[in-house]
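Inside the fold
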Amino acid sequence: MRLKLVLISSLVAAIVGAGSAIAIIISVFSSLRPITAPGPLVVSTYLLPILTTLLASIFVYRHTARRRKLQAILTATIALLLTIFFFVAASIYRTATIRSAGTRVTTERPQVTDSHSRRLSADSVQFVSEPAAVRQ
């Protein structure tokens, strides 16, 4: 089994596929709101990781002599797992950079018609970058 070929091709497929999709999402869509309501453009960005995984699996299949199907399936599985990891890591990194930039964080919840519910005042909205002494 050509384990180096499987690992390198799945890593390249994950980096190229997820990296291109993440770059398109961050550059084209300034906010993550369009991703929650997907349209044809958002769905098409997620085809890139699938296509790169498919190409990597075909590449491994064509360049091995024995256990072709096993190595192709292993390549696809590893590439898809790495792609998911890259998407999660980019999401965490993007959220951390947005919060460290001093954006506004609200703790407001949807209004409830119950008589015991209360609205949050302007004092309950705080900046993440403010020190704790300023918030009090």
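The paragraphs below set out a description of the structure included in this document. All of these numbers come straight from a predicted model, not from anything done at the bench. (Residues numbered from 1 in each chain as written. Predicted model: local features only at pLDDT ≥ 70, side-chain atom pairs only at ≥ 80, totals over all residues. Heavy atoms only, no water.)

**A word on the overall build of the chain**
The criterion, for reference: The helix and strand labels rest on DSSP assignments: H or I over at least four residues marks a helix, E over at least two residues marks a strand, and numbering proceeds from the N terminus. Any two residues having at least one pair of non-hydrogen atoms within 4.5 Å are treated as being in contact. For the accessible areas, the method is Shrake-Rupley and the probe is 1.4 Å, while residue cover comes only from the protein chains on display.
Counting its secondary structure elements, the chain contains six helices and two strands. The linear arrangement of helices and strands in the chain, starting from the amino end, is α-α-α-α-α-β-β-α. Considering only residue pairs separated by 6 or more positions, the chain has 62% of its internal contacts joining residues 24 or more positions apart. About 10200 Å² of surface is accessible on the chain, with carbon and sulfur atoms providing 66% of the total.

**Quick word on helix α4 (residues 47–62)**
What counts here: Multiplying one less than the number of residues by 1.5 Å gives the expected span of a helix. Partly exposed describes any residue whose relative accessible area lies between the buried limit of under 20% and the exposed limit of over 50%, with all areas from a 1.4 Å probe on protein chains only and scaled to the type maximum. Directions drawn from the helix axis to the C-beta atoms are what define this arc.
For α4, with 16 residues, the first-to-last C-alpha span of 22 Å sits near the 22 Å given by 1.5 Å per residue. Of the residues making up α4, those classed as buried are Pro49, Thr52, Thr53, Ala56, Ser57 and Val60. Buried residues in α4, looked at end-on, bunch into an arc of 135°, giving them a common side. Seen from the open side of α4, the exposed residues pointing more than 90 degrees away from its buried face are Ile50, Leu55 and Arg62. Where α4 is buried, its residues contact α1 (3–28), α3 (40–45) and α5 (68–100).

**Details of unusual backbone geometry**
It is generally the case that most residues other than glycine have a negative phi and that most peptide bonds are trans. Notably, Arg67 is not glycine yet its phi reads approximately 50°, a positive angle. One can find Arg67 in the loop between α4 and α5. Taking relative accessible area as the criterion, Arg67 reaches 58% and is therefore assigned exposed.

**A closer look at the environment of Ile26**
Mapped onto the elements of the fold, Ile26 is located in helix α1. On the basis of relative accessibility, which here comes to 38%, the residue Ile26 falls in the partly exposed class. Note: C-alpha distance between Ile26 and Arg94 (68 residues apart in sequence) is 9.1 Å.

**Notes on α1**
For α1, which comprises 26 residues, the first-to-last C-alpha distance of 37 Å matches the rise-based estimate of 38 Å (1.5 Å per residue) to within 8%. The complete set of buried residues in α1 reads Val6, Ser9, Ser10, Ala13, Ala14, Gly17, Ala18, Ala21, Ile22 and Ile25.

**A short note on the packing of α4 against α5**
Put simply, the rule reads: In this description, a line fitted to the C-alpha atoms serves as the axis of each element, helices being fitted only across the stretch in contact, and the angle between N-to-C directions of two axes falls anywhere from 0 to 180 degrees. Throughout this description, any angle smaller than 35 degrees is read as roughly parallel, any larger than 145 degrees as roughly antiparallel, any in the 65 to 115 degree range as roughly perpendicular, and the remainder as oblique. Crossing handedness: left-handed means the near helix sits turned counterclockwise from the far one by under a right angle, and right-handed means the same turn made clockwise.
Between α4 and α5, the shortest axis-to-axis distance is 8 Å and the interhelical angle comes to 150°. In terms of their interaxial angle, α4 and α5 are classed as roughly antiparallel. By crossing handedness, the relation of α4 to α5 is classed as right-handed. In contact with Pro49, Thr53, Ala56, Ser57, Val60, Tyr61 and Arg62 of α4, α5 contributes Arg68, Lys69, Gln71, Ala72, Thr75, Ala76, Ala79, Leu80, Thr83 and Phe87.

**Remarks on the side chain of Thr83**
Looking at where Thr83 falls in the secondary structure, it is placed in helix α5. Setting aside anything within four residues of it in sequence, one finds Thr83 in contact with Ala14, Ala18 and Pro49.

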